[in-house]
Amino acid sequence: MFSSSVPLHKPITTCTIFNCQNPNQHHSILRKHNSKSTAYLLQHLALKDGVPVPTSIPKPSELLDPMPHDEKVKVLELSLVRKRTPQFPGSIYAQSPSDSDVGSSLPPIRTLFQSGTNPDEKEEEEKEMIMRALEIRRKVTEEVFKEAMRKGKFGITYSTNLIGRLSGFLDHIMIEAANLKRLPEFSNSTFNLRAKTVIDDSKVVPLIRWLKHNALSYPRIAKIILMSRGKPEAIRSFVMWLKSVRVKGEFLGVVMLKAGENILQRRHEELDEIVQYLEANGVRRDWMGYVISRCPQLLSYSLEEVKTRAHFFIDMGLNEKDFGTMVFDFPRVLGYYSLEEMNEKVNYLKEFGLQIEDVGKLLAFRPQLMACSIEEHWKPLVKYLYYYGITRNGMKRMLVIKPMVFCADLEKTIVPKVQFFEDIGVRKDGIGSMLVKFPPLLTYSLEKKIKPVVIFLMTKAGVTEKDIGKVVALGPELLGCNIVHKLYVNVKYFLSLGIRLRQLGEMITDFPLLLRYNPDVLRPKYIYLRKSMVRPLKDVIEFPRFFSYSLEGRIIPRHKVLVENHINIKLRYMLANSDEEFHKMVKDLIGKRKRFESAVTNEGTTHLQSVVTEDISTPLA
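Since we're looking at a predicted model, the values are computed, not measured.

A. Main features of the overall build of the chain. Across its full length, the chain carries 32 helices and zero strands. Counting the 621 residues in the chain, one finds 41% classified as buried. Summarising the internal contacts of the chain: among those between residues at least 6 apart in sequence, 69% fall at separations of at least 24.

B. Spatial organisation of a negative patch on the surface. Residues Glu123, Glu124, Glu126 and Glu128 make up a contiguous surface patch of negative charge. Position of glutamate 126 among the secondary structure elements: in helix α5 (residues 119-151).

C. Region of the structure containing unusual backbone geometry. Phi at valine 534 is positive, roughly 50°, even though this residue is not glycine. Residue class for valine 534 comes out exposed when judged on its relative accessible area of 62%. One non-glycine residue, histidine 566, lies in positive phi territory at about 55°.

D. Representation of the pattern of salt bridges in the model. Applying the stated criterion across every chain, the model contains 20 salt bridges. In this structure, the salt-bridge partner of glutamate 270 is arginine 267, at a minimum N-O distance of 3.4 Å. Of the residues examined, glutamate 270 reaches a relative accessible area of 27% and is grouped as partly exposed. Here glutamate 447 ties to lysine 451 by a salt bridge, and the two come within 3.1 Å at their closest N and O atoms. Pair noted here: glutamate 447 and lysine 451 are both in helix α24 (residues 446-459), with a separation of four residues, about one helical turn. On the basis of relative accessibility, which here comes to 53%, the residue glutamate 447 falls in the exposed class. On the basis of relative accessibility, which here comes to 27%, the residue lysine 451 falls in the partly exposed class.

E. Structural view of the packing of aromatic side chains. The final tally for this structure, using the stated rule, is 20 aromatic pairs. With a centroid separation of 5.7 Å and 75° between ring planes, the pair formed by phenylalanine 494 and phenylalanine 547 is classed as edge-to-face. Placement of phenylalanine 494 in helix α26 (residues 483-496) and of phenylalanine 547 in the loop between α29 (537-542) and α30 (551-564) is noted, with a sequence separation of 53 residues between them. Each of the two residues, phenylalanine 494 as well as phenylalanine 547, counts as buried. Relative to phenylalanine 547, the ring of phenylalanine 546 lies with its centre 5.5 Å away and its plane at 75°, an arrangement referred to as edge-to-face. Given the relative accessible area of 0%, phenylalanine 546 is considered buried. Look at phenylalanine 547 and you get buried, because its relative accessible area is 1%.

F. Focus on the nonpolar core. Ranked by size, the top nonpolar core spans 169 residues in total, and within it Phe145, Phe313 and Phe421 carry the most contacts. With residues up to four places along the chain from it excluded, the contact list for phenylalanine 145 reads Ile163, Leu166, Phe169, Leu170, Ile173, Ile199, Val204, Val205 and Ile208.

G. Main features of the packing of helix α13 (residues 268-280) against helix α15 (residues 303-314). Interhelical geometry of α13 versus α15 gives an angle of 20° and a closest axis separation of 9 Å. The angle between the axes of α13 and α15 places the two elements in the roughly parallel class. With respect to the hand of their crossing, α13 and α15 are arranged in right-handed fashion. In contact with Glu273, Ile274, Tyr277 and Leu278 of α13, α15 contributes Leu303, Val306, Lys307, Ala310 and His311. Of the residues assigned to the contact of α13 with α15, the class counts are six nonpolar, one polar and two charged.

Calculation criteria
- Residues numbered from 1 in each chain as written.
- Predicted model: local features only at pLDDT ≥ 70, side-chain atom pairs only at ≥ 80, totals over all residues.
- Heavy atoms only, no water.
- Helix = DSSP H or I, 4+ residues; strand = E, 2+ residues; numbered from the N terminus.
- Buried < 20%, exposed > 50% of the residue type's maximum accessible area, 1.4 Å probe, protein only.
- Contact = heavy atoms within 4.5 Å.
- Patch = residues over 30% accessible without salt bridge, like charges linked within 9 Å, V, L, I, M, F, W, Y side chains within 5 Å.
- Areas by Shrake-Rupley, 256 points an atom, 1.4 Å probe, with all protein chains shown as cover.
- Salt bridge = Lys/Arg side-chain N within 4 Å of Asp/Glu carboxyl O.
- Lys, Arg positive; Asp, Glu negative; His and termini not counted.
- Charge placed at Lys NZ, Arg CZ, Asp CG, Glu CD.
- Phe/Tyr/Trp six-rings, centres within 6.5 Å; stacked < 30°, edge-to-face > 60°.
- Core = buried A, V, L, I, M, F, W, Y, C linked by side-chain atoms within 4.5 Å.
- Axes fitted to C-alpha atoms, helices over the stretch in contact; angles between N-to-C directions.
- Parallel < 35°, antiparallel > 145°, perpendicular 65-115°, else oblique.
- Left-handed = near helix turned anticlockwise from the far one by under 90°.
- Nonpolar A, V, L, I, M, F, W, Y, C, P; charged D, E, K, R; others polar.

These values are about where atoms sit, not about what they do.
Here's what the structure looks like:
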């Protein structure tokens, strides 16, 4: 019935032109594709039936009328989209009306470049249209990139989130795709094909897969790709260099992000010089990956800057071994802080009476001091310690013995411990001398170390609540002992000797360090006391410090002196004095005994002579 030259898409179109029951009866057209094809169809049918049908064809003046600006933007947007809805032959619109949100129809494409008469408006309009075209082209590039990510087995959400942070890299793809058009093989290719070629050649999708496999989040991956400045191969090259200096996979991304914005553009020869210099100054080759992983900022410096920082510590007297171990122990000490900040901290430490060599040894032993703030950490701590009577010399001793105290948080770490000592009965002046005597006490955990030892002493070692403060003040070292492997073993040994729990508590109160000795050291002393010295158990209960003296160096020699001179004194007088005082005491005791014996002898002789004289003078009966 219809000519084959008329392309009708759906059968319902015929029902809209003719009545389905009476084909000879004409009705109004309910919908049409476009005016030209419909007019041609009606003319063909009318000529066939012998009925003239008027047609309305747009005039050329109507086609050349200027179009509104919004419609121009919409036509431009539709002309640049990556995929368009297929259109039937003869269509003169940029898009089917049913696919457009502008209205039921779109203006012809040839009216797109019709502009106003004002030159300024024309220039501004052209500029806006160019920017709009670039924005649309960027969206097309995003779609091409997402398609490449989809083929790389990435999810839609992940791809969208990642590409949303790669605007700079998308611009690079657009520029490179535009440059490809100059090549003969791409002169007639579409932008989509050229963008896809740029993405495939850069191998950025496999690189993203590898970075994700190394536990990098998509924000970090995006930042690293942007750091490459359009050259993702620089990332692979730098990664290979990091692996050559033994940086482990989990830290590769961290190093790339924290080593500076220009790290991917630096020559590997420059980085090799830094590594060789550190190795020549005591940082072992197998430590290098650890050092760089913990302080990537080292790679952002020039070789001269690294030398300056290294000599800051070497000039304090550090040798290669000390310098290398310091850098390994705390890599940030070399590359994280400014030279001005480090000089301020060294000068502050010297105010405690330390020489520059002492500060160098201190930093070599505890380089974490460089991470502490003078205003926020050191000054409040010094003021707090001074309140408890600790002088500058006491603080110097604390700093030298346990420098980690000056790295501890005052409010969270030190204050609760000091408050606990006050609560158990340690006096304020006793706290100061206790901290100076045993500074590591402030580094112990209050809940896991200090409180459990105090509870053990009161419940298992016989120390009363009244005396626990005295025990802690006199023997703070006890708070650092292991309960199971040290304190409990010693308590069990003393109780096995027949000492009662109450008596043991009194012994600990008199000499708290009694529980710190090894039973293998205590046992020979006790055996010598009972068998060789033949002394009762109560002697050691009265003088528990007996166990603190050397068996071979003091106990046995002095006991022999007493035996040779037939002297028997208490353990306290036998061991507590120095050698000079002991020999003087023995000499005095020998002199007293001789005088006593002489006095007794003289008195006896006088009495005998008087008796003999009386007998002689008495006449016989």
